[in-house]
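# Geometric and topological summary
The lines below spell out each chain.
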Amino acid sequence: MTVKVRRQRPRRRVFWALVAVLLADLLALSDTLAVMSVDLGSESMKVAIVKPGVPMEIVLNKESRRKTPVIVTLKENERFFGDSAASMAIKNPKATLRYFQHLLGKQADNPHVALYQARFPEHELTFDPQRQTVHFQISPQLQFSPEEVLGMVLNYSRSLAEDFAEQPIKDAVITVPVFFNQAERRAVLQAARMAGLKVLQLINDNTATALSYGVFRRKDINTTAQNIMFYDMGSGSTVCTIVTYQMVKTKEAGMQPQLQIRGVGFDRTLGGLEMELRLREHLAGLFNEQRKGQRAKDVRENPRAMAKLLREANRLKTVLSANADHMAQIEGLMDDVDFKAKATRVEFEELCADLFERVPGPVQQALQSAEMSLDEIEQVILVGGATRVPKVQEVLLKAVGKEELGKNINADEAAAMGAVYQAAALSKAFKVKPFVVRDAVVYPILVEFTREVEEEPGVHSLKHNKRVLFSRMGPYPQRKVITFNRYSHDFNFHINYGDLGFLGPEDLRVFGSQNLTTVKLKGVGDSFKKYPDYESKGIKAHFNLDESGVLSLDRVESVFETLVEDSPEEESTLTKLGNTISSLFGGGTTPDAKENGTDTVQEEEESPAEGSKDEPGEQVELKEEAEAPVEDGSQPLPPEPKGDAAPEGEKATEKENGDKSEAQKPSEKAEAGPEGVAPAPEGEKKQKPARKQRMVEEIGVELVVLDLPDLPEDKLAQSVQKLQDLTLRDLEKQEREKAANSLEAFIFETQDKLYQPEYQEVSTEEQREEISGKLSAASTWLEDEGVGATTVMLKEKLAELRKLCQGLFFRVEERKKWPERLSALDNLLNHSSMFLNGARLIPEMDQIFTEVEMTTLEKVINETWAWKNATLAEQAKLPATEKPVLLSKDIEAKMMALDREVQYLLNKAKFTKPRPRPKDKNGTRAEPPLNATASDQGEKVILPAGEDRVPGCMFCWTGRWPPFPPEVVSYPWFPSRPD
């Protein structure tokens, strides 16, 4: 028995240690449970959060608005965001940056860079000599890249979310336009990294909108496919998406709703901004005509005036969407000259006639990519602010041929709500109803390589091969493996975009480089030398297109196989047990099921590309790879592989030293024997069949990025530090402003209090004059020297004034507390005396309190009465200007001591069992008659006025304590309450 106890104690210790660690982790996670989403539009952004108790909510900014302008004003010593920056755009347009997302991932020769300079000529753009990317030159000392500016905006959005959620937030889902290519998506991820955000996913804004629509209409989705078209015209671009909703059967959660992106069409420059720019140009022409004879300068040369005109054009576009005409008015547009002109909706539509002709374009693109017709579309839903323009709706309605356009979705907030739902699904802290999301690849990706072939004996030539890796409109995220079978030495291959014929010539120029990466493999020949007796299964490259749509090459391996014969005695029982344990902990191929996330689709093996059929030995195998579960659980899991979709050569077990080997399990026939059959004698054991042994060698990889080189780590670290310094500077500025405001408020409030009767009653004329003089001196110092004062100096000045006024404030506060505290003390003393009297009247047979206990309570009551009377008498002798001797804290201490004695007796009465009654001659207990009174039992009990029973312990017998009235117990300062 002793041995058993000794063995259990360590187990108990380990158990409780694990429990303690788990509780600590839960407590740590409880402070960071919230997640956020950022719907990053060209003109404004919407931020949403999910936290315990708040399912899905749009964050209000500091101005209590639900959307925030994506504008940043950068000056030498301060920054402004949102509405504050929008107001600064008029005063300092050069330092105010907007629509900078259009420059993400763009190099100097991109047409969008020239377009941006034409739209906003006040900005000075410079270029990175290494990456050829754009920088904003604010001043000779201030220079920022678009990624850095976006990082500032994301950091500001996080601060808004944290203030709203009242807890720190790090995890986020960010929306991006569906037409963003690899370079643009990597730029957004770099910006989020600069902001210190952990990006759970970059979700396409059209997918987020579709998810929001489906989540709130889950009951309307059934097994019949519903095709919905979302037409999203925002400020900078237009996207049309065809989505199919349907209930599907999932392996993990049964029948669940699913959305699948079927078709996508877009126009990168069609949006509300272009309409506003044309209105601005129209208004500028009208203003120049009004001043034509005055030899005035062209208003287009004045950046401030053009900023005012752009703001007025934005307002005019909104008003003309609901009215036939409106008067444009700007006070002091330029040279103190006011501008006033009438604009009509007809003029606006004529200015944007060619833009409205482009409205049906994305619809046709989406139908072509989905291979569908308009008859298959059940509903067309409008999204985005620019769809409120009546002409846009008119042209679109005619193009789709429907009776009406759907407006049953929040056009501004749908994407933010869908993204935050996805954030909650990807987070560990929340469990949401599953909703399967199948996004689609917009730009196909392929692998290209060249190798030398021998067409005739002695005649060699180079052959160029292409293999589609991720096809257009194919689902993602997913992993794929491509196998090179005919290489035994180091070689290179290229990862490029596939056929982009669906893009027009101008879109191709904006798209940028169509070449992604050159992959140089090193160590292929060495791997063949290392395993000369093994059969090569090819060079396998593992690709991953993750949830954010970003392509990565996970690893490249050289795989070899050979047959190994095992002797009958080779595999012992201990070896079998080890293999079983290994399969349980490391060899399982079925990952944990995840209820919610982005669905991963396994496709059939793709057919070889052109030129490979005539040479079977030269084919490159392209296979799907099962998704492996990741640590944070955000990686969705694939359906069960079907058929031979995953080749044997892809299931390799990694080792830390880079060499990999895995012994295949023996065949089922060799492993499993019939039950109940006795094992054969050792001499009659048959030789086991040969098994396959696989060896996997890691191949060195050198990546040469061709589209847009990533920011080097040292440059990225500098950008992170730059943003952190700016944030710290902003926090210090806010702290200084807070200290200055507190000092100024204290001076004005105290000067006002000096004239109030309650303060004059407890102070002398000399004391008030001294305080008033100090306050006036501090006010003068704040006006003269406060501008250059540091935060420490301001706080010290405030502390000095508070110390000077401390005695005055203390006397006033004490006098305010006296009536309430003394009244409560009197009530407590009275009810305690009533309790004591009631306890003394309990018959001796039922008495549970000792004489010492009741005497102690009586002593405390008497001492409290004596202290109160003596202190009040002493306080009455003191002048009001002196420090009082009657203190509220002393009253509370006396009440606490008295309450403690009563509580002791109360608890004793509550948990003491009644004494048994003596039995009479018949064997029954002697009970008093039901109608017996106190006088029948001996001593007469006098009830206090207004009571129907003896107070005190008599309440304890029936559990109706406390004897104190509710108004006493309910005081917030009451020391304690009995149970």
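All figures in this text were calculated on a predicted structure; none of them were measured in a lab.

What follows covers the sheet that holds strand S8 (residues 125–127). Think of a sheet as strands paired side by side through backbone hydrogen bonds, with each pair either parallel or antiparallel. The three strands lie next to each other as S8-S9-S10, forming an open sheet whose pairing is antiparallel. Lying at the two open borders of the sheet, with one neighbouring strand each, are S8 and strand S10 (143–144). Pairing of S8 with strand S9 (residues 134–137), which is carried by three bridges, proceeds in the antiparallel orientation. Opposite Thr126, over in S9, you have His135 as the bridge partner.

Moving on: the environment of Lys889. Residue position: Lys889 is located in helix H24 (residues 888–911). Lys889 sits 75 residues away from Glu814 along the chain, and the two C-alpha atoms are 9.5 Å apart.

To continue, consider the packing of helix H18 (residues 713–753) against helix H21 (residues 791–804). Across the interface, H18 lies against H21 with an axial gap of 9 Å and an inter-helix angle of 25°. Taken together, the axis directions place H18 and H21 in an arrangement best described as roughly parallel. The chirality of how H18 crosses H21 is left-handed. Residues Glu732, Glu735, Arg736, Ala739, Ala740, Ser742, Leu743, Phe746 and Ile747 of H18 form the contact with H21, whose own contacting residues are Thr791, Leu794, Lys795, Lys797, Leu798, Leu801 and Arg802. Grouping the amino acids of the contact of H18 with H21 by side-chain chemistry returns eight nonpolar, two polar and six charged.

Next up on the list: a negative patch on the surface. A grouping of Glu744, Glu783, Asp784 and Glu785 is seen on the molecular surface, where their side chains present a negatively charged patch. For Glu783, the position within the fold is in helix H20 (residues 765–784). Overall, the relative accessible area of 61% leaves Glu783 in the exposed class.

Attention now moves to the pairing of strand S17 (residues 337–344). The side chains of a regular strand alternate, residue by residue, between the two faces of the sheet. Of the strand pairs in this sheet, strand S16 (residues 325–334) and S17 are connected by seven bridges, and their pairing is antiparallel. Each residue of the ladder has a partner; that of Ile330, found in S17, is Phe339. What sits between S16 and S17 in their antiparallel hairpin is a turn of two residues, with Asp335 showing a positive phi close to 55°.

Attention shifts here to the confidence of the model for the protein chain. On average, the protein chain scores 81 in pLDDT, and the residues at 70 or more come to 78%. Here helix H25 (residues 954–958) stands out as the element of the protein chain with the lowest mean pLDDT, 35, in contrast to strand S11 (residues 171–176), whose mean of 96 is the highest. The low-confidence segment residues 1–10, where pLDDT is below 50, has zero contacts with residues more than four positions distant or belonging to other chains. Long-range and interchain partners of residues 24–30, a stretch whose pLDDT sits below 50, account for one contact in this model, where long-range means more than four residues apart.

This part takes up the sheet that holds strand S24 (residues 492–497). Reading across the sheet, the five strands line up as S21-S20-S24-S25-S31 and stay open at both edges, with antiparallel pairing between neighbours. Only two strands of the sheet have a single partner each, and these edge strands are strand S21 (459–470) and strand S31 (700–705). Strand-to-strand twist in this sheet, taken as the mean axis angle between neighbours without regard to direction, amounts to 25°. Direction of pairing for strand S25 (residues 515–522) relative to S31: antiparallel, over a ladder of six bridges. If you follow Lys520 over to S31, its bridge partner there is Glu702.

The rules we used
- Residues numbered from 1 in each chain as written.
- Predicted model: local features only at pLDDT ≥ 70, side-chain atom pairs only at ≥ 80, totals over all residues.
- Heavy atoms only, no water.
- Pairing = 2+ DSSP bridges.
- Helix = DSSP H or I, 4+ residues; strand = E, 2+ residues; numbered from the N terminus.
- Axes fitted to C-alpha atoms, helices over the stretch in contact; angles between N-to-C directions.
- Parallel < 35°, antiparallel > 145°, perpendicular 65-115°, else oblique.
- Left-handed = near helix turned anticlockwise from the far one by under 90°.
- Contact = heavy atoms within 4.5 Å.
- Nonpolar A, V, L, I, M, F, W, Y, C, P; charged D, E, K, R; others polar.
- Patch = residues over 30% accessible without salt bridge, like charges linked within 9 Å, V, L, I, M, F, W, Y side chains within 5 Å.
- Areas by Shrake-Rupley, 256 points an atom, 1.4 Å probe, with all protein chains shown as cover.
- Salt bridge = Lys/Arg side-chain N within 4 Å of Asp/Glu carboxyl O.
- Lys, Arg positive; Asp, Glu negative; His and termini not counted.
- Charge placed at Lys NZ, Arg CZ, Asp CG, Glu CD.
- Buried < 20%, exposed > 50% of the residue type's maximum accessible area, 1.4 Å probe, protein only.
- pLDDT = per-residue confidence, 0-100.

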